[in-house]
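Survey of secondary and tertiary structure
The chain contents come next:
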Amino acid sequence: MRVNVYRRTEQDGSLSYMAVPEGKIIPSEATNIDWEADSWGIDLNEETDYLEEFSIAQPTQQIASKGYAITSSQGNANRRL
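Residues numbered from 1 in each chain as written. Predicted model: local features only at pLDDT ≥ 70, side-chain atom pairs only at ≥ 80, totals over all residues. Heavy atoms only, no water.

Comments concerning the pattern of salt bridges
The full count for this structure, using the stated rule, is five salt bridges. Between R2 and E22 there is a salt bridge; the shortest N-O distance is 3.2 Å. Taken together, the residues span a long stretch of sequence, with R2 in strand β1 (residues 2-9) and E22 in the loop between β2 (14-21) and β3 (36-43) at a distance of 20 residues. A relative accessible area of 38% means that R2 is categorised as partly exposed. Where R7 meets E36, a salt bridge forms, and the shortest distance between an N and an O atom there is 3.7 Å. Of this pair, R7 sits in strand β1 while E36 sits in strand β3, placing them 29 residues apart in sequence. A relative accessible area of 42% means that E36 is categorised as partly exposed. In the salt-bridge network here, residues are joined through shared partners; they are R2, E22 and D43. (Salt bridge = Lys/Arg side-chain N within 4 Å of Asp/Glu carboxyl O. Helix = DSSP H or I, 4+ residues; strand = E, 2+ residues; numbered from the N terminus. Buried < 20%, exposed > 50% of the residue type's maximum accessible area, 1.4 Å probe, protein only.)

This is the structure:
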């Protein structure tokens, strides 16, 4: 599966990420937040349990249930602006 990744800066300066299947738009429940494009056309191994670069746990399961996968609030990515 290929995904597009968006990011937002949290109050503490850490980054959160949202992965959306390529060709899909950001779901309506997430559009009220200022997401910026980060990476396009990332190959997501559907067997992976953790997308390390973006600190996204269970990405395939999240996409199946919500239409997108998002960084855990307990494990924001180490990348900072």
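Still to come is the rest of the account.
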